[in-house]
Amino acid sequence: GAVVSQHPSWVICKSGTSVKIECRSLDFQATTMFWYRQFPKQSLMLMATSNEGSKATYEQGVEKDKFLINHASLTLSTLTVTSAHPEDSSFYICSARRARLAVETQYFGPGTRLLVL
Amino acid sequence: DAKTTQPNSMESNEEEPVHLPCNHSTISGTDYIHWYRQLPSQGPEYVIHGLTSNVNNRMASLAIAEDRKSSTLILHRATLRDAAVYYCILSLLNSGNTPLVFGKGTRLSVIA
């Protein structure tokens, strides 16, 4: 099946620093990727939709200047958490959409756990 | 997106079948029914999807009610590795940039 990777798998940083998370589609091209965030015991919450070569679309309540998304190629999207604070500690998951027969299926990365001290 | 309703949690004994229900009474004619599951500390994993007919794959079976207002994910023999949160999600055919929207799902516990 299609594979989506994320790097790093976990990161610990000091408050005020910036953290970059990479999401790659390994065996297919993804014109659209999605970024989700998941807090403990909660479901996935969509943060933004990332389109190759254009600006990301952010969900209501997600600060675009804090969560910078770049989708420079058909296989790579990055999420940068700028000036991270403890409340940004969460599980960040990316996803890429791939056409599968006539139904597009979303494939998810393994997630990146961020802990801000 | 049309809303789905699932029980918060279910429990099963190992090696027994599990039926995970999902209600989607407001489903439209072009909505596909998707099931994903999320194992602890991992990203969601695709399980199965269907439109009108029942579907089988190596992971599970999907039984869709005739009126499409509900569906059931069937794990034929639960194993400890099937313990996860199972999400039932509706998505339009050829939905382009529309992402999957996750509800709370059903947390399945499997007892040895």
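Notes on the structure follow. (Residues numbered from 1 in each chain as written. Chains lettered and ligands numbered in written order. Predicted model: local features only at pLDDT ≥ 70, side-chain atom pairs only at ≥ 80, totals over all residues. Heavy atoms only, no water.)

**Considerations on the overall build of chain B**
Okay, so step 1: Secondary structure summary: chain B contains zero helices and nine strands in total.
Okay, so step 2: Listed by position from the N terminus, the elements making up chain B come as β-β-β-β-β-β-β-β-β.
Okay, so step 3: At 13 Å, chain B has a C-alpha radius of gyration in line with the 13 Å of a compact globule built from 112 residues.
Okay, so step 4: Taking contacts inside chain B between residues at least 6 apart in sequence as the whole, the part at least 24 apart equals 58%.
Okay, so step 5: For chain B, the accessible area works out to roughly 5800 Å², and carbon and sulfur atoms hold 47% of it.
Okay, so step 6: Counting 9 positive and 10 negative side-chain charges, chain B places the centres of these two groups 5 Å from one another. (Helix = DSSP H or I, 4+ residues; strand = E, 2+ residues; numbered from the N terminus. Rg over C-alpha atoms; globule rule 2.2 N^0.38 Å. Contact = heavy atoms within 4.5 Å. Areas by Shrake-Rupley, 256 points an atom, 1.4 Å probe, with all protein chains shown as cover. Lys, Arg positive; Asp, Glu negative; His and termini not counted. Charge placed at Lys NZ, Arg CZ, Asp CG, Glu CD.)

**As for unusual backbone geometry**
Okay, so step 1: Backbone torsion omega between H7(A) and P8(A) reads 0°, so that peptide bond is classified as cis.
Okay, so step 2: In this fold, P8(A) is placed in the loop between strand 1 (4–7) and strand 2 (10–13).
Okay, so step 3: With phi around 45°, S83(A) is a residue other than glycine that occupies positive phi space.
Okay, so step 4: Checked against the element boundaries, S83(A) lands in the loop between strand 8 (76–81) and strand 9 (90–100).
Okay, so step 5: Even without glycine at this site, R68(B) takes up a positive phi of about 65°.
Okay, so step 6: On the secondary structure map, R68(B) appears in the loop between strand 6 (61–64) and strand 7 (70–75).

**Some words on the sheet that holds strand 5 (residues 55–56) of chain B**
Residue and element names in this part refer to chain B.
Okay, so step 1: Strand order in the open sheet formed by four strands is 2-7-6-5, with antiparallel pairing between adjacent strands. The open sheet has two free edges, formed respectively by strand 2 (18–23) and strand 5, since each of these has just one partner strand.
Okay, so step 2: Two elements, strand 5 and strand 6, share two bridges in a ladder whose sense is antiparallel. Across the sheet, the residue bridging to V55 is L62, located in strand 6. (Pairing = 2+ DSSP bridges.)

**Structural notes on the sheet that holds strand 7 (residues 67–73) of chain A**
All names here are of chain A.
Okay, so step 1: The antiparallel open sheet is built from four strands, whose spatial order is 1-3-8-7. If you trace the sheet from one side to the other, it starts and ends with strand 1 and strand 7, each paired once. Across this sheet, the average inter-strand angle for adjacent strands is 15°, counted without regard to direction.
Okay, so step 2: Alignment of strand 7 against strand 8, held across five bridges, turns out to be antiparallel. Paired with I69 across the two strands is L79, which belongs to strand 8. (Axes fitted to C-alpha atoms, helices over the stretch in contact; angles between N-to-C directions.)

**A word on the state of the cysteines**
Okay, so step 1: Taken as a whole and assessed by the stated rule, the structure comprises two disulfides over all chains.
Okay, so step 2: Note on cysteine connectivity: C23(A) is disulfide-linked to C94(A), with sulfurs 2.0 Å apart. Judged by the sign of its S-S torsion, about 80°, the bond between C23(A) and C94(A) is right-handed. Taken together, the residues span a long stretch of sequence, with C23(A) in strand 3 (residues 19–25) and C94(A) in strand 9 at a distance of 71 residues. The burial state of C23(A) is the same as that of C94(A); both residues are buried.
Okay, so step 3: The disulfide partner of C22(B) is C88(B), and the S-S distance across this bridge is 2.1 Å. Negative torsions about the S-S bond denote left-handed disulfides, and the value of about -80° found for C22(B) with C88(B) makes this one left-handed. With C22(B) in strand 2 and C88(B) in strand 8 (residues 84–92), this pair connects stretches of sequence that are 66 residues apart. The residues C22(B) and C88(B) share a single accessibility class, namely buried.
Okay, so step 4: Lacking any disulfide linkage, C13(A) is separated from the closest cysteine sulfur, that of C94(A), by 18 Å.
Okay, so step 5: A relative accessible area of 10% places C13(A) in the buried class. (Disulfide = S-S within 2.5 Å. Buried < 20%, exposed > 50% of the residue type's maximum accessible area, 1.4 Å probe, protein only.)

Geometric descriptors of this kind do not, in isolation, establish any biological role.
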